[in-house]
Amino acid sequence: MAGRLLLVCRLMVRDLRRRRTETVLLLLAISAATGTLTLGLALNNALAQPYERTRAATAGPDVVAMPGATGPEALAALAPLATAPGVTAHSGPYPMAYLMLTASGTTVPAVVQGRDNSPAALDRPAVTAGTWVHPGGIVIEPTFANALSVHIGDTVDINGHPLRVVGTAVTAARAVYPRADWRIDAGSPLTESAGLVWVDSSQIGALAGTRPLSYTLNLRYADPRASTSFTHKREGGIEYTSWTGIADADGKLVKQARLALLVGSWLLTALAVASVANIVAGRVVDQRRRVGLLKAVGAGPAMIAAVHLAEYLVIGLAAAGTGLTAGWLAAPALTSPGAGLLGSTGTHPPALRTVLAATVLALAIAAAATLAPVLRAVTTDTVHALADAATPPRRRGWRVWLSRRMPTALLIGVRINARRPRRARLVMVNTLITTTGLAALLMGLAQDPRVKLGESKLANPQSTRTLEAMFLVIVVLCVLALINAIVSTWTAVLDARHPLAVARTLGATPAQVTAGMAVAQLLPAIPGVALGVPAGIGLYLVASPGDQQYAPASWMFAVALAVLLAVAALTAIPALAATRRPVADALQSTST
Amino acid sequence: MTGSALLKARGVSRRYGWGSALVRAVDEIDLEVPAGQTLAIMGPSGCGKSTLLHLLGGLQRPTDGEIWLAEHRIDTMSERALARLRRHHIGFVFQSFHLMDELTAVENVELAALLAGQSPRRARQRALHLLDRVGLADRARHLPSALSGGQRQRVAIARALSNEPLVVLADEPTGNLDSAATLEVLRLFEELRTAGQTLVVVTHDARIAAVADRVISMRDGSFADDSRLTGTTTSGTGTVYGGWR
Ligand SMILES: Nc1ncnc2c1ncn2[C@@H]1O[C@H](COP(=O)(O)OP(=O)(O)O)[C@@H](O)[C@H]1O
Ligand SMILES: [Mg+2]
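Residues numbered from 1 in each chain as written. Chains lettered and ligands numbered in written order. Predicted model: local features only at pLDDT ≥ 70, side-chain atom pairs only at ≥ 80, totals over all residues. Heavy atoms only, no water.

## Concerning the overall build of chain A
Looking only at helices and strands, chain A features 20 helices and 13 strands. Burial statistics for chain A: of 592 residues in total, 52% are counted as buried. Taking contacts inside chain A between residues at least 6 apart in sequence as the whole, the part at least 24 apart equals 82%. When the accessible surface of chain A is split by element, carbon and sulfur atoms take 65% of a total near 25300 Å². (Helix = DSSP H or I, 4+ residues; strand = E, 2+ residues; numbered from the N terminus. Buried < 20%, exposed > 50% of the residue type's maximum accessible area, 1.4 Å probe, protein only. Contact = heavy atoms within 4.5 Å. Areas by Shrake-Rupley, 256 points an atom, 1.4 Å probe, with all protein chains shown as cover.)

Laid out in structure tokens, this is it:
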């Protein structure tokens, strides 16, 4: 037993060491997929509960009541609610004014709420930076502050009165900017997406000037159904918003970013599988020989499977670890700053579920891409496995016929692909997925990422976050695609060395041969790109319903061209290097 | 099995392809190899020598016929049972050596012993002993890439012997070697014959045939001639024999 274990370990370690580059590439490919998954799950976790967390931490109300009326009339309308049957707690009514706020040259409408330092039964906004309100100071909701790019210590101007920003705070009584969804009567400067700020209640009258004050009352009910049976309603001139409605609105802030990550991790997983399959396909000849050899000295099927699985298990586990760490470290960058709610990722170790999911994914990718060739090798005749040759390349009659009528480079390209149709498909999948991702990103970039607030436009944290998520996915996607392109080019060059050398003895110039290799990769890349552009646009439209701007055709065209150029350039370099070798060398090195 | 034959084939055929492309690589062959015999199989390229050897070693299954090794009928065995048989009772030597490139000479030799479940220490001792026997004690820790062709083949022979196999099957063991290296291998085979090792060698090389107890000529998948030599003094081959020693 000890002997066999030693053997498995020895063969594994030696093989990994011998194929260092491949091992690193495999690690990278699988890590990329697990990293994205971890990130997606981490964000899901962090973004799923922050409203609930904030609600618990700030004693959030069940229902918020706001009369359409103002002044004493509003107070009169709210008075009976606090003592209504079923109400167990209340806070307020707090005065509110809809005023214009100017910060660093931008003037936008804002909702100013008057608060003081006395403890409230419900809705005690949690200070996330700086301090709570005091006369002359203003506290801003962090998402809003971020969009305004104001910081603690800055001075903002409300209705002509300068105020110092003393802190940022979050509340569960309103959805965060720009999701607050204020419902207001005609004639008010307020828009539904205005941000929330707090000032000392002694000051609000002076800030409002001649404008009438509105009021808000926070309520808690004994019966949970009193707040979960509706999200928003208007009764007797009073707007009621339940906490479930607020939670929903908050969720929308990150819904698209989550979707982008989800779709992105699917794309990435697909690409990672293609990548691993690509790398593994490159070593299949060698692997078959190894298996034949082990069989000849008496290794049974179980032993052979163990030798190979051990290798991929180790790579898979290492990749799971790398991906988990990377994903977890990247997560906070996507949620902060200014998440608008309490709780951020990266503060706790990854959940067990996340670790499991990432590990399972890594092992599944490793197994999916490697099991098939291993099984094939195990079940083939030992003699065939030992024959040192991969399956003889298939010839596709019509393509060979077609190629007789073409310029030399194209001819070489078509013939190379006719020899290895599977690799051509991989090139297509690679460019298809990359172009899909890039086209979707362009669609995202074509949208106006700002919210219209009165006369001005402000950054929309929702779009910002979605774009950040898309960027992240695309960067990883491009890295993987690059790995894929390099691997497939190198194996194609190695594999085509002999026919290319023959072509050269027949008089093809190195330039023609290089161009031929590039053509071989470009041919399948063209349909990939052509399908990828509409696929990316479609994906974006499906994922974000509503009025969407189309990216200019010139952008799409540029992306398609850039992908094709990248493929051509990536191929030309190794092909050129290969054609530098004397013909005789190339013929020699493949003859055994 | 009856008699003293260690390795026995009865009516063994191996065909490839169908119809007009049908190839009878091995055609209804009967063969008995007694224990301790050194048998050389000769014949032109493509006559089916390798195929026959692969059939005898269970690397390939016959289309028809029965093959027995000692008490075991091997043509109907499962892959697992065949693997066990190979690791305990059969040693292979190939024309292109088939050493594992990433393992050192001694690690290659102990491969079969480790597979057979021997303890690492015993396997290593035996492997070093065998390497010493083939004259490569000082090359034990070299990778195959650092060895000459003849040295590689000697490592492969040591590997084939590591589990004291009932029979060693060699397919053109000197096919890739120059004449000096060929002489080394011949010397080893001569030693094996003296030690009573059952040995089946497929070869082009008349010098190997000269050290054999028996030479079979093959043509188009069948035996054309089967001559038992009583020793190395037979006239005609004797000069060749004397020539290489
Ligand atoms: N896998 C195969 N498919 C078809 N024909 C084969 C295969 N292997 C061997 N043959 C044919 O069987 C015949 C015998 O081959 P082989 O045993 O290798 O001959 P030898 O070793 O004597 O040179 C040859 O004609 C060869 O073409
Ligand atoms: Mg042969």
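That was the structure; now back to the text.
## Examining the sheet that holds strand 4 (residues 64-69) of chain B
Residue and element names in this part refer to chain B. Spatially, four strands are ordered 2-1-4-5 in an open sheet, and the strand pairing comes out antiparallel. The open sheet has two free edges, formed respectively by strand 2 (23-34) and strand 5 (72-73), since each of these has just one partner strand. Note that strand 1 (residues 5-16) and strand 2 share eight bridges and pair antiparallel. By the bridge assignment, alanine 5 is partnered in strand 2 with proline 34. (Pairing = 2+ DSSP bridges.)

## Some details on the sheet that holds strand 3 (residues 38-42) of chain B
Residues and elements named next belong to chain B. The strand order across the open sheet formed by six strands is 6-7-8-3-9-10, and the pairing between neighbours is mixed. Here the strands that pair on one side only, and so sit at the sheet edges, are strand 6 (90-93) and strand 10 (222-228). Within the sheet, the average angular offset between the axes of one strand and its neighbour, ignoring direction, is 15°. Taken together, the four bridges between strand 6 and strand 7 (residues 167-171) define a ladder with parallel strand orientation. Paired with glycine 91 across the two strands is valine 168, which belongs to strand 7. Contacts from helix 2 (residues 79-89) reach strand 6 and strand 7 within the one sheet, and its direction differs from that of strand 6 by about 80°. (Axes fitted to C-alpha atoms, helices over the stretch in contact; angles between N-to-C directions.)

## Quick look at unusual backbone geometry
If a residue is not glycine, its phi is most likely negative; likewise, a peptide bond is most likely trans. Of note, Ala59(A) is a non-glycine position whose phi angle comes to about 50°, a positive value. Here Ala59(A) is to be found in the loop between helix 3 (50-57) and strand 1 (63-67). For Ala59(A), a relative accessible area of 10% puts it in the buried group. Of note, Ala70(B) is a non-glycine position whose phi angle comes to about 50°, a positive value. Tracing the sequence through the fold places Ala70(B) in the loop between strand 4 and strand 5.

## Considering the packing of helix 15 (residues 421-446) of chain A against helix 16 (residues 461-495) of chain A
Residue and element names in this part refer to chain A. Their axes nearest at 10 Å, the elements helix 15 and helix 16 cross at an angle of 160°. Of the possible angle classes, the one that applies to helix 15 and helix 16 is roughly antiparallel. For helix 15 against helix 16, the interelement crossing comes out left-handed. Residues of the contact of helix 15 with helix 16, tallied by class, amount to 15 nonpolar, seven polar and two charged. (Parallel < 35°, antiparallel > 145°, perpendicular 65-115°, else oblique. Left-handed = near helix turned anticlockwise from the far one by under 90°. Nonpolar A, V, L, I, M, F, W, Y, C, P; charged D, E, K, R; others polar.)

## Looking at empty space enclosed by the protein
Residue and element names in this part refer to chain A. Here the structure, examined in full by the defined rule, presents ten cavities of 30 Å³ or more. Of the volumes computed, that of the largest cavity is approximately 230 Å³. Around the largest cavity, the lining is made up of 17 residues, and of these Ala260, Val263, Ala440, Met470 and Leu539 lie nearest the centre. When contributions to the lining of the largest cavity are tallied by element, the ones reaching two or more residues are helix 8 (243-282), helix 15, helix 16 and helix 18 (510-543). The residue inventory of the lining of the largest cavity, partitioned by class, reads twelve nonpolar, five polar and no charged. (1 Å grid on protein atoms, 1.4 Å probe; cavity = no way out; pocket = protein on both sides within 12 Å on 5 of 7 lines; lining within 4 Å. Points joined across faces, edges and corners; volume = space filled by probe spheres on them.)

## Considerations on the layout of surface pockets
To locate leftover empty space, one rolls a probe as large as a water molecule over the atoms. Residues and elements named next belong to chain A. Estimated volume of the second largest pocket: approximately 1200 Å³. In terms of lining residues, the second largest pocket is bounded by 44 residues, among which Pro178, Arg179, Lys252, Asn460 and Gln462 are the most central. For the lining of the second largest pocket, the elements supplying multiple residues, two or more each, are strand 11 (238-242), helix 8, strand 12 (450-453), helix 16 and helix 18. In terms of residues, the lining of the second largest pocket owes the most to one element, helix 8, which gives eight residues. A per-class count over the lining of the second largest pocket returns 15 nonpolar, 16 polar and 13 charged.

## Observations regarding the site of ligand 1
Near ligand 1, the surroundings consist of twelve residues, among which Gly46(B), Gly48(B), Lys49(B), Ser50(B) and Thr51(B) are the closest. Each of chains A and B places residues near ligand 1. Side-chain polar atom of Tyr16(B) to a nitrogen atom of ligand 1: 3.4 Å apart, as the coordinates give it. When residues of the shell around ligand 1 are traced back to their parent elements, those giving at least two are strand 2 and helix 1 (49-56) of chain B. Looking at the shell around ligand 1, the element that brings in the most residues is helix 1 of chain B, giving three residues. Tallied by class, the residues present in the shell around ligand 1 amount to five nonpolar, six polar and one charged. (Near = heavy atom within 4 Å. Polar contact = N/O pair within 3.5 Å; in protein donor to acceptor, adjacent residues only side chain to side chain.)

## With respect to a nonpolar patch on the surface
Residues Leu482(A), Ile486(A), Trp490(A) and Leu494(A) make up a contiguous nonpolar surface patch of about 370 Å² in total accessible area. Mapped onto the elements, Leu482(A) comes out in helix 16. (Patch = residues over 30% accessible without salt bridge, like charges linked within 9 Å, V, L, I, M, F, W, Y side chains within 5 Å. Salt bridge = Lys/Arg side-chain N within 4 Å of Asp/Glu carboxyl O.)

## Observations regarding helix 3 of chain A
Residues and elements named next belong to chain A. For helix 3, the complete set of buried residues consists of Pro50, Tyr51, Thr54 and Arg55. Within helix 3, the buried residues cover an arc of 135° as seen down the axis, which keeps them to one side. At the exit of helix 3 stands alanine 59, carrying a positive phi of roughly 50°. (Arc of directions from axis to C-beta.)

## Some words on the pairing of strand 3 of chain B
Within a regular beta strand, the side chains point alternately toward one face of the sheet and then the other, so they alternate between its two faces. Residue and element names in this part refer to chain B. Burial runs high along strand 3: five of the five residues are buried. Burial along strand 3 is two-sided: Thr38, Ala40 and Met42 facing one way and Leu39 and Ile41 facing the other are all buried. With four bridges joining them, strand 3 and strand 8 (residues 198-202) adopt parallel strand pairing. Looking across to strand 8, one finds that isoleucine 41 is bridged to valine 202. The pairing of strand 3 with strand 9 (residues 214-219) spans four bridges and is classified as parallel. Following the sheet pairing, alanine 40 is matched in strand 9 by valine 215.

## Here's the deal with the pairing of strand 4 of chain B
Residues and elements named next belong to chain B. In the sheet, strand 1 pairs with strand 4 via five bridges, with the strands oriented antiparallel. Each bridged residue has a counterpart across the sheet, and for arginine 10 the counterpart in strand 4 is glutamate 66. In this structure, strand 4 lies alongside strand 5, joined through two bridges in antiparallel fashion. The partner of leucine 69 across the bridge, within strand 5, is histidine 72. Connecting strand 4 to the antiparallel partner strand 5 that follows it, the hairpin turn spans two residues, and alanine 70 within it adopts a positive phi of roughly 50°.

## Examining the packing of aromatic side chains
Throughout the structure, instances matching the rule amount to three aromatic pairs over all chains. Centroid distance Phe92(B) to Phe94(B): 5.7 Å. Interplanar angle 10°. Geometry classified as stacked. This pair shows no difference in class: Phe92(B) is buried, exactly as Phe94(B) is. The aromatic ring of Trp243(A) is capped on one face by Arg55(A), whose charged end is 4.2 Å from the ring centroid. Against the face of Tyr94(A) rests Arg115(A), its NZ or CZ located 3.7 Å from the ring centre. (Phe/Tyr/Trp six-rings, centres within 6.5 Å; stacked < 30°, edge-to-face > 60°. Lys NZ or Arg CZ within 6 Å of the ring centre and 35° of its normal.)

## Comments concerning the pattern of salt bridges
The final tally for this structure, using the stated rule, is 29 salt bridges over all chains. Measuring nitrogen to oxygen at the nearest pair gives 3.8 Å for the salt bridge that ties Asp15(A) to Arg18(A). Note that Asp15(A) and Arg18(A) are positioned in helix 1 (residues 2-18) at a spacing of three residues, about one turn of the helix. Asp15(A) sits in the buried class, given a relative accessible area of 1%. Its relative accessible area of 37% is what places Arg18(A) among the partly exposed residues. Through salt bridges with shared partners, one network takes in Asp15(A), Arg18(A), Arg19(A), Arg290(A), Glu311(A) and Glu102(B).

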